[in-house]
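Below are the chains, spelled out letter by letter.
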Amino acid sequence: MADDVAATVGTAVVAVSVVLLSYQANAARIQTMFTGGGFLGEPGDLLRQWLLLSAWSGPSGAGLWDWLLVLFGDVLLLAVVWCALRWLPGMLTRVSVPAMTVGSVCAVVLGLLVRHLWRVVAVDGGTTSWHLLRAASGLGEGTSAAVLWGTLTGVTATVVLRVTGRGAEAPVRATAGDRSGG
């Protein structure tokens, strides 16, 4: 039960980027937020790279079905993250912030790869060599944002696991009698 809650809360952290920040109008506000001078006078592109895992807008230019097919890739990304966060604590001998963070970053990157594969195969119909070449050129998109959001997700999931009591369990240690077989 605690693993489900931690996976859901961690996935909600990633959903902030995918659903809220990646909406084109919100992304444009983020990019133009800083108008002052100095070192961080125009960090718009940097903010986009580090904050946005996706980019979406309403179905204005395409049909509703095509728009839903594209957005289903984001649903797949969130599903991969949720499943990885659900299974990760069970695979670890002790739930720690570094282990959950590394696992979460890997889960977000894997989710990005699944989403990219979905878009290439299902949305673009990538079967020719030209489509495959174009698909390979977009494999790294969103990786810097995956590092940020994966880190936040891992820390959040670990905190939730610790609060619910799942992450505070100490690993079982073998006693002297157990090692000798009797």
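Because the structure is a prediction, the values reported are computed rather than measured.

S.K.: Just give me the short version of the packing of helix H5 (residues 97-123) against helix H7 (residues 143-164), but keep the residues and values in it.
M.R.: For the pair H5 and H7, interaxial distance at closest approach is 7 Å and the crossing angle is 135°. It follows from the interaxial angle that H5 and H7 lie oblique. Pair H5 / H7 crosses with right-handed handedness. Contacts from Val97, Met100, Thr101, Ser104, Val105, Val108, Val109 and Leu112 in H5 reach Thr143, Ala146, Val147, Gly150, Thr151, Thr153, Gly154, Val155, Ala157, Thr158 and Leu161 in H7.

S.K.: Any details on helix H1 (residues 2-21)? Residues and values, ideally.
M.R.: Across its 20 residues, H1 extends 28 Å between first and last C-alpha, which sits within 8% of the 28 Å expected from 1.5 Å per residue. Along its length, H1 reaches its greatest deviation from straightness, about 40°, at Ala15. Here H1 has its buried residues at Ala2, Asp3, Ala6, Ala7, Gly10, Thr11, Val13, Val14, Ala15, Ser17 and Val18.

S.K.: Quick one: what's the story with the environment of Leu51, residue by residue and with numbers?
M.R.: Along the chain, the position of Leu51 falls in helix H3 (residues 44-51). Between the C-alpha atoms of Leu51 and Ala146, which are 95 residues apart in sequence, the distance is 8.6 Å. Once you skip the residues sitting within four places of it in the chain, Leu51 turns out to touch Ser17, Leu21, Ile30, Ala145, Leu148 and Trp149.

S.K.: Can you tell me about a nonpolar patch on the surface, naming the residues and giving the values?
M.R.: On the surface, a nonpolar cluster with roughly 320 Å² of combined accessible area is contributed by Val97, Val155, Val159 and Val163. If one sorts the elements of the nonpolar patch by residue count, H7 sits on top with three residues. With respect to the helices and strands, the residue Val155 is situated in helix H7.

S.K.: Report on the nonpolar core, specifying residues and quantitative values.
M.R.: In this structure, Val14, Leu53 and Met100 are the most contacted members of the largest nonpolar core, which totals 27 residues. Secondary-structure elements contributing two or more residues to this core are H1, helix H2 (24-31), helix H4 (64-91), H5 and H7. Leaving out residues up to four positions away in the same chain, Met100 has contacts with Leu85, Leu88, Pro89, Leu92, Val95, Gly154, Ala157, Thr158 and Leu161.

S.K.: So what about the packing of H1 against H7? Which residues, and what values?
M.R.: Relative orientation of the contacting elements H1 and H7 amounts to 150°, with a least axis distance of 8 Å. Regarding the angle of H1 to H7, the classification is roughly antiparallel. Handedness of the crossing formed by H1 with H7: right-handed. Here Ala2, Asp3, Val5, Ala6, Val9, Gly10, Val13, Val14, Val16, Ser17 and Leu21 of H1 come into contact with H7, specifically with Trp149, Leu152, Thr153, Thr156, Ala157, Val160, Leu161 and Thr164. Here the contact of H1 with H7 is built from residues that sort into 13 nonpolar, five polar and one charged.

S.K.: Would you mind going over the pattern of salt bridges in detail, with residue names and values included?
M.R.: With the rule as written, the count across this model stands at four salt bridges. Note that Arg86 and Asp4 form a salt bridge whose closest N and O atoms lie 2.5 Å from each other. Of the two residues, Arg86 sits in helix H4 while Asp4 sits in helix H1, which places them 82 residues apart along the sequence. A salt bridge links Asp74 to Arg119; the nearest nitrogen and oxygen atoms lie 3.6 Å apart. Taken as a pair, Asp74 in helix H4 and Arg119 in helix H5 lie far apart in primary sequence, 45 residues in all. For Arg119, a relative accessible area of 21% corresponds to the partly exposed category. Connected through salt bridges with shared partners, the residues Asp3, Asp4 and Arg86 form a single ionic network.

Cut-offs applied
- Residues numbered from 1 in each chain as written.
- Predicted model: local features only at pLDDT ≥ 70, side-chain atom pairs only at ≥ 80, totals over all residues.
- Heavy atoms only, no water.
- Axes fitted to C-alpha atoms, helices over the stretch in contact; angles between N-to-C directions.
- Helix = DSSP H or I, 4+ residues; strand = E, 2+ residues; numbered from the N terminus.
- Parallel < 35°, antiparallel > 145°, perpendicular 65-115°, else oblique.
- Left-handed = near helix turned anticlockwise from the far one by under 90°.
- Contact = heavy atoms within 4.5 Å.
- Expected span 1.5 Å × (residues − 1).
- Bend = angle between axes of the 7 residues up to and from the residue.
- Buried < 20%, exposed > 50% of the residue type's maximum accessible area, 1.4 Å probe, protein only.
- Patch = residues over 30% accessible without salt bridge, like charges linked within 9 Å, V, L, I, M, F, W, Y side chains within 5 Å.
- Areas by Shrake-Rupley, 256 points an atom, 1.4 Å probe, with all protein chains shown as cover.
- Salt bridge = Lys/Arg side-chain N within 4 Å of Asp/Glu carboxyl O.
- Core = buried A, V, L, I, M, F, W, Y, C linked by side-chain atoms within 4.5 Å.
- Nonpolar A, V, L, I, M, F, W, Y, C, P; charged D, E, K, R; others polar.

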